[in-house]
Amino acid sequence: MNGVNKVPAGSLHIVGVGADRRRAQRVFTVANLDTGAVASTSLIPGSFTPIPTPGGTWWLPYAPIVTDLAARAGIAAATLRDPDFPDEPGRLPSSGLMLPIQWQPGIPQRDRHRWEAVALTNRQVTPWLVLIGRSSEPPPPGDPARLLGRLCALADQLHVDLVLEVRPSSSRGGLSWDVRFEHPGGTVPDYQHRWIADLPTALATIPAERAVTGLTVANPQLPAHYLTEDALTARPVPVGLDGHPGGHDLDQLERRMVADAEQHGGAQAIWRNRHWWHASLRPADTAGKFVRGWEPPTPKHWGEAIPTHPCGRCADLVDPPFCLDCYGTRQVRRGAVLTVTDLRGRTVHRNWRPDSDQPPPTLVPADRLSGSTVWQLPEHYQIGALAAQFGVEPTDLTDIDGEHVIDQHLRNGVSQVAHTGGDPVDAYLGEVGATHDGARVMVLATDWPGPTLDELAAVVGGLGLALDVTVVDHRNTVGRPELSQGHSWSVRVVDPATPLAVDPVPTSASLPEAVALCYRYLHGALRATIPADQEKPMPVPQQAAAAGTLPDTGAWITEVRRHAATRPGQPATVRLHPDGTHTTTTAQPRA
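Just so we're clear, the structure is a prediction, and the values are computed from it rather than from any experiment.

Along the protein, the regular secondary structure elements total 13 helices and 28 strands. Rg of the C-alpha trace for the protein: 28 Å, near the compact-globule value of 25 Å for 591 residues, within the 12% margin. Principal-axis analysis of the C-alpha atoms places the extent of the protein at approximately 85 × 70 × 55 Å. Counting across all 591 residues of the protein, residues that qualify as buried make up 48%. Considering only contacts within the protein whose residues lie at least 6 apart along the sequence, 68% involve residues at least 24 apart. Surface summary for the protein: the accessible area is close to 27700 Å², and the carbon and sulfur share equals 54%. Here the protein carries 51 positive and 62 negative side-chain charges, and the mean point of each set is 5 Å from the other.

Right under this line is the structure:
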């Protein structure tokens, strides 16, 4: 095992007795998605040289270790991402290995190693830190005023509010800034999503893809309105999405908001109706909550209110069980607004009304023991029908924050009506209105972010691990739109020593989605591969950059798809081994 700071590595130490035995080792790894290069170093007692702190103790900062590894792997430090914080590129570890006060450079070596071992076995820190990056520096974010103009233009196009907010910081002194989109009529969130020291930095570090997370905050009491006919009409945004003509006076905005915050405890500037509206934030009667000092004028894009009535099943009950008619909201809405966008200038809006001039639904023949009926709604109610306008597949359509693919029945416009009867369009819109705050269905239409399967496979192989790709072919459900259609996928990182078996329930609607989910939750998968035997040292993976292009996984995916096609409805798995070989199986995991 390699040490750091040119200090020779020692032997592995074990701390504790019995079930409390722990290895005194911490491994740092960086991996390059572009080249597959992997560089690691291992910290064990005797393998590093601590430095003094102002308080007289000693520690080993982690940031220099990560910076050195990034240089060895050819990674631009600004692109490094900790899997625990995937939305914060360039975030280097600010902490370090704090040694017990008993550690001093003058004590015997045996005692120094003993106290180093105690520090390395801290249970509150993951023993294997993996950061992933790319070879090239990201482009600069641009002028903050133009970035603000772009967000204002996008808010106009999406018919939502853009909110700039400043509050007292909960983690340090001073003020903290946030930038986000919100639906009009909502309450002030209990806490900020981000903590940033000034407005220009907030604009530079919060792109539109992160600002839309404000639209996903649960708020079942949001007012629900159709869009006006004028708001439904697609118009080019002024200057594309590069900002409104004339720009914005950032300094004036920031000074006004800081003055309000210092006087009242917080402030917001809300972009609505192509105008800035300033509101102070004041402490509410409930501790820790805020309310606005006043509300901006009604949005001009609001049309008539979407019809709403109390839920006939649970509205009058004191403590009702979870209700499938209203999904716990105690009200049923007979309408919704659909918005599909790529956040780059293309947006489509539709009012979903129960009385729209559309062809009638079609009853799907099905033998259902429950007695419910399945209906195919016209294209107007099919979100997936809009995918081609954005150059993506229907399975690429996700919630506005990119977290989850749109449910299949919403993509395909399929309504199920209970055996008690009812109108299929009413049932469909009732579910949509209950499960989307403000009855607004906000959909993102872009390719899945993150690495390709080739990139992920190269990095996972460089870490000494395997990748299991599972697929189920649903050709046996054609004609049954209420059942899974197409293919279901999963991609999992596993220890290559584990027995090869299928994932019995793959849930992703497409392979790119499965790859994105695997990458998003990579930190948990990596930690699960750490040897449970504390006597066994953790691997310290190293891999040189690939010569030329990364290995092509296309042939392996074609093979496992053909395998799955011979067994409709049954999963088939291909394992991509660290040495570049692969194995296919249909074996079920052992109980």
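The discussion continues.
Another aspect to go through is the sheet that holds strand 7 (residues 96-98). One open sheet accounts for 3 strands, arranged 5-6-7; its pairing is antiparallel. Two strands lie at the open edges of the sheet, namely strand 5 (51-52) and strand 7, each paired on one side alone. Taken together, the 3 bridges between strand 6 (residues 58-61) and strand 7 define a ladder with antiparallel strand orientation. Within strand 7, the residue paired with Trp 59 across the bridge is Met 98.

Another aspect to go through is the nonpolar core. In summary, soluble globular proteins display a tendency toward joint burial of nonpolar side chains. Of all hydrophobic cores here, the largest spans 38 residues; its most connected members are Trp 128, Leu 467, Val 491 and Val 493. Once residues lying within four places of it in the same chain are set aside, the contact partners of Leu 467 are Leu 453, Leu 456, Ala 457, Val 460, Val 491, Arg 492, Val 493, Cys 518, Val 574, Arg 575 and Leu 576. Counting 35 residues, the second largest nonpolar core, distinct from the first, contains Ala 155, Leu 164, Val 179 and Ala 261.

Bringing the environment of Thr 347 into the picture now. With respect to the element layout, Thr 347 can be found in strand 19 (residues 347-352). Its relative accessible area of 12% is what places Thr 347 among the buried residues. In this structure Thr 347 touches Gln 157, Leu 158, Thr 339, Val 340, Thr 341 and Phe 390, once residues within four positions along its chain are discounted. Of note is the side chain of Thr 347, whose polar atom sits 2.9 Å from the side chain of Gln 157.

Counted according to the given criterion, the structure contains 22 salt bridges. The shortest N-O distance in the salt bridge between Arg 114 and Asp 111 comes to 3.7 Å. Residue Arg 114 and its partner Asp 111 are both found in helix 2 (residues 109-120); the two are separated by 3 residues, about one turn of the helix. On the basis of relative accessible area, Arg 114 is assigned to the partly exposed category, the value being 44%.

As a further point, take the packing of aromatic side chains. Overall, the coordinates contain 7 aromatic pairs when judged by the stated rule. Ring geometry for Phe 28 versus Tyr 62: centroids 4.8 Å apart, planes at 55°, classification tilted. Pair noted here: Phe 28 is in strand 3 (residues 26-32) and Tyr 62 is in the loop between strand 6 and helix 1 (63-72), with a separation of 34 residues, a long-range link. Here Phe 28 and Tyr 62 have matching classes, each one buried.

If you check helix 3 (residues 144-158), its first and last C-alpha atoms are 21 Å apart, about what 15 residues at 1.5 Å a residue would give, namely 21 Å. Within helix 3, 11 of the 15 residues are buried, leaving the element largely enclosed by the surrounding structure. Ala 145, Leu 147, Leu 148, Gly 149, Leu 151, Cys 152, Ala 153, Leu 154, Ala 155, Gln 157 and Leu 158 are the residues of helix 3 that are buried. With its phi angle positive at about 60°, His 159 sits one or two positions after the end of helix 3.

With that settled, consider the environment of Val 27. Within the secondary structure layout, Val 27 lies in strand 3. As a C-alpha pair, Val 27 and Leu 129 span 102 residues in sequence and 6.4 Å in three-dimensional space. Not counting residues up to four positions away in its chain, the partners in contact with Val 27 are Ser 40, Thr 41, Ser 42, Pro 127, Trp 128, Leu 129, Met 538, Pro 539 and Val 540.

Note on placement: Asp 468 falls in strand 25 (residues 466-473). At 2.7 Å, the side chain of Asp 468 and the side chain of Arg 575 are in polar contact.

Quick look at the sheet that holds strand 13 (residues 275-283) now. With antiparallel pairing, 5 strands are arranged side by side in an open sheet as 10-9-12-13-14. Two strands close off the open sheet at either side, each with one partner strand: strand 10 (175-182) and strand 14 (290-292). Ignoring which end each strand starts from, the neighbouring axes of this sheet average 25° apart. Lying over the sheet, helix 3 contacts strand 9 (161-168), strand 10, strand 12 (267-272) and strand 13, oriented at roughly 130° with respect to strand 9.

When you tally the buried positions in helix 10 (residues 453-462), you get 9 out of 10 residues, the bulk of the element. Taken residue by residue, helix 10 has Leu 453, Glu 455, Leu 456, Ala 457, Ala 458, Val 459, Val 460, Gly 461 and Gly 462 as its buried positions. Once helix 10 ends, the next one or two residues include Gly 464, with phi positive near 80°.

Moving on: the confidence of the model for the protein. When the pLDDT values of the protein are averaged, the result is 88; 93% of them are 70 or greater. Of all secondary-structure elements in the protein, the lowest mean pLDDT belongs to strand 1 (residues 14-15), at 77, while strand 11 (residues 225-227) reaches the highest, 97.

Bridging between strand 20 (residues 362-364) and strand 21 (residues 373-376) involves 3 bridges; their strand directions are antiparallel. Across the sheet, Thr 362 pairs through a bridge with Gln 376, a residue of strand 21. In terms of strand pairing, strand 21 meets strand 23 (residues 414-417) through 4 bridges, oriented antiparallel. Its bridge partner lying in strand 23, Thr 373 is registered against Val 417.

What follows is about unusual backbone geometry. You will see that Asn 273, though not glycine, has its phi angle at about 55°, which is positive. Looking at where Asn 273 falls in the secondary structure, it is placed in the loop between strand 12 and strand 13. Look at Asn 273 and you get partly exposed, because its relative accessible area is 23%. If you check the backbone angles, Ala 439 has positive phi at about 55° while not being a glycine.

Examined against the element boundaries, Asp 198 turns out to sit in the loop between strand 10 and helix 4 (199-205). Excluding anything up to four places from it in sequence, Asp 198 contacts Trp 177 and Glu 254. A distance of 2.8 Å separates the side chain of Asp 198 from the side chain of Thr 201, its partner in a polar contact.

Reading the values: rules and limits
Residues numbered from 1 in each chain as written. Predicted model: local features only at pLDDT ≥ 70, side-chain atom pairs only at ≥ 80, totals over all residues. Heavy atoms only, no water. Helix = DSSP H or I, 4+ residues; strand = E, 2+ residues; numbered from the N terminus. Rg over C-alpha atoms; globule rule 2.2 N^0.38 Å. Buried < 20%, exposed > 50% of the residue type's maximum accessible area, 1.4 Å probe, protein only. Contact = heavy atoms within 4.5 Å. Areas by Shrake-Rupley, 256 points an atom, 1.4 Å probe, with all protein chains shown as cover. Lys, Arg positive; Asp, Glu negative; His and termini not counted. Charge placed at Lys NZ, Arg CZ, Asp CG, Glu CD. Pairing = 2+ DSSP bridges. Core = buried A, V, L, I, M, F, W, Y, C linked by side-chain atoms within 4.5 Å. Polar contact = N/O pair within 3.5 Å; in protein donor to acceptor, adjacent residues only side chain to side chain. Salt bridge = Lys/Arg side-chain N within 4 Å of Asp/Glu carboxyl O. Phe/Tyr/Trp six-rings, centres within 6.5 Å; stacked < 30°, edge-to-face > 60°. Expected span 1.5 Å × (residues − 1). Axes fitted to C-alpha atoms, helices over the stretch in contact; angles between N-to-C directions. pLDDT = per-residue confidence, 0-100.

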